[in-house]
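Take a look at the letters that make up each chain.
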Amino acid sequence: MSGLRSPIALIKHVRVENLSVSYPGGAKALDSISLELEPGIYVLVGPNGAGKTTLLDVLAGIRVPSKGRVVLNDTTSFYGLDERTRASIRRETIAYMLQEDIFIEYLNVIENIMLFRNIINIPTETVNDLMMKLGIYGLRNKPVTELSGGEKKKVNFIRSYIKALTSSLVLLDEPTSNLDWESTETVRELIRELNTGERIIVIATHDIKLLELGDSIVELRAGKLEKITKKHNI
Ligand SMILES: Nc1ncnc2c1ncn2[C@@H]1O[C@H](COP(=O)(O)OP(=O)(O)OP(=O)(O)O)[C@@H](O)[C@H]1O
Ligand SMILES: [Mg+2]
């Protein structure tokens, strides 16, 4: 794990307090959410528009809440920090797989994957191994513009996964949408391997096959936290 310069080397605890996010025009994407996150896997579910991506954006430090706080390790108000410090925490210890597969179009597959790497070096073999496991090793020199939907999702996942290896907060937004069944299984196993007891992992998904990964299932509906179910109650 990293954390060389920022005030938070490892994120071990996140407390979301009365968090609201309003978008311009007044729509409330999140409405007074309170939630505590500790190492383990949280699966975030809820209908389209429920606020899942918005919550991940706030946890990632890229969307300033309209109200409420995100407190890291009981000591630091994430949005009380200046943008530069927040950026260094993001860079050093947060991995965020965005829902959209956003790439630099003039770079090929492997160049796009390496772009997101953390400041800690990940061996090339690890990256190759991930590409082989997901069946896209042969595509490593291909322009990203020529990939299928599922292939793009795999590149997006691997790019985030290698960052996750050196991060303590891992946020994955619909990591298996567009993937075939076998690849979904592979991604599920890879996420399971990340769950070492040191990382907080939050997965937003509509994929029923990912539910079993959750130590907790967090349900959002219309911006409100509807229910949290812990594994021993599932
Ligand atoms: N940039 C924006 N401007 C205005 N409203 C937005 C913006 N982004 C999202 N919203 C609104 O905020 C609400 C929550 O959106 P969000 O993307 O968080 O939902 P979601 O649960 O991730 O949905 P999905 O399952 O479709 O990914 C929605 O009503 C959406 O229309
Ligand atoms: Mg979303």
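All residue numbers refer to position in the chain's written sequence, counted from 1. Going through the entries in the order they are written, you letter the chains from A and number the ligands from 1. A pLDDT threshold of at least 70 governs which residues receive local features in this predicted model, and a stricter bar of 80 or more applies before side-chain atom pairs are shown or counted, although totals over entire chains, interfaces and linings include all residues. To obtain the side-chain values, all non-hydrogen atoms of the structure were included, while hydrogens and water were left out.

Draft legend 1. Region of interest: the overall build of the protein. Helix and strand counts for the protein come out as six helices and ten strands. Its C-alpha atoms give the protein a radius of gyration of 17 Å, near enough to 17 Å, the size a compact globule of 234 residues would have. Projected onto the principal axes, the alpha-carbon positions of the protein cover approximately 45 × 40 × 40 Å. For the protein, buried positions account for 52% of its 234 residues. As displayed, the protein offers around 10,800 Å² of accessible surface, 50% of which is attributable to carbon and sulfur atoms. The secondary structure listing takes helices from DSSP runs of H or I that are at least 4 residues long and strands from runs of E that are at least 2 residues long, numbered from the N terminus. We compute the radius of gyration over the C-alpha atoms and compare it with the globule rule, which gives 2.2 Å times the number of residues raised to the power 0.38. Each residue's exposure class comes from its accessible area (1.4 Å probe, protein chains only) as a fraction of the maximum for that residue type: buried when under 20%, exposed when over 50%, partly exposed otherwise. Calculation of accessible area relied on Shrake-Rupley with a 1.4 Å probe; when residues are assessed, cover is drawn exclusively from the protein chains displayed.

Draft legend 2. Up close: the pattern of salt bridges. For this document, the term salt bridge refers to a Lys or Arg side-chain nitrogen within 4 Å of an Asp or Glu carboxyl oxygen. Counted by the stated rule, this structure contains 17 salt bridges. Between Arg15 and Glu17 there is a salt bridge, with the nearest N and O atoms lying 2.9 Å from each other. Glu212 is the partner of Arg188 in a salt bridge, and the nearest nitrogen-oxygen pair spans 3.6 Å. Taken together, the positions of Arg188 in helix 6 (residues 181–194) and Glu212 in the loop between strand 8 (200–204) and strand 9 (216–221) put the pair 24 residues apart, joining distant regions of the chain. A residue is classified by how much of its surface remains accessible, and Glu212, at 44% relative accessible area, is partly exposed. Several salt bridges share partner residues, and in doing so they unite Glu185, Arg188, Glu189, Arg192 and Glu212 into one network.

Draft legend 3. Layout of the sheet that holds strand 1 (residues 14–22). The sheet built from four strands is open, its strands ordered 2-1-4-5 with antiparallel pairing. Each of the sheet's edge strands pairs with one partner strand only, and the pair in question is strand 2 (28–37) and strand 5 (76–77). Strands qualify as paired when DSSP identifies two bridges or more between them. Pairing geometry for strand 1 and strand 4 (residues 67–72), over five bridges, is antiparallel. From the neighbouring strand, Arg15 faces strand 4, where its bridge partner is Val71. Seen against the sheet, helix 1 (residues 52–59) touches strand 1, strand 2 and strand 4 and runs at an angle of roughly 125° to strand 1. We call two residues in contact when some of their heavy atoms are within 4.5 Å. Fitted lines through C-alpha atoms serve as axes, helices being fitted only where they are in contact, and the angles separating the N-to-C directions of these axes extend from 0 to 180 degrees.

Draft legend 4. Summary view of a nonpolar patch on the surface. Excluding any residue in a salt bridge, patches collect residues exceeding 30% relative accessible area, merging like charges within 9 Å and nonpolar Val, Leu, Ile, Met, Phe, Trp and Tyr side chains within 5 Å. A surface patch of nonpolar side chains, amounting to about 340 Å² of accessible area, comprises Ile104, Tyr106 and Leu115. Mapped onto the elements, Leu115 comes out in helix 3 (residues 109–115).

Draft legend 5. The pairing of strand 10 (residues 224–230), seen in detail. Pairing geometry for strand 9 and strand 10, over six bridges, is antiparallel. Paired with Glu219 across the two strands is Lys227, which belongs to strand 10. Counting the residues that bridge the hairpin from strand 9 to strand 10 gives two residues, and of these Ala222 lies at a positive phi of roughly 50°.

The quantities given are spatial measurements derived from coordinates; they are silent on function.
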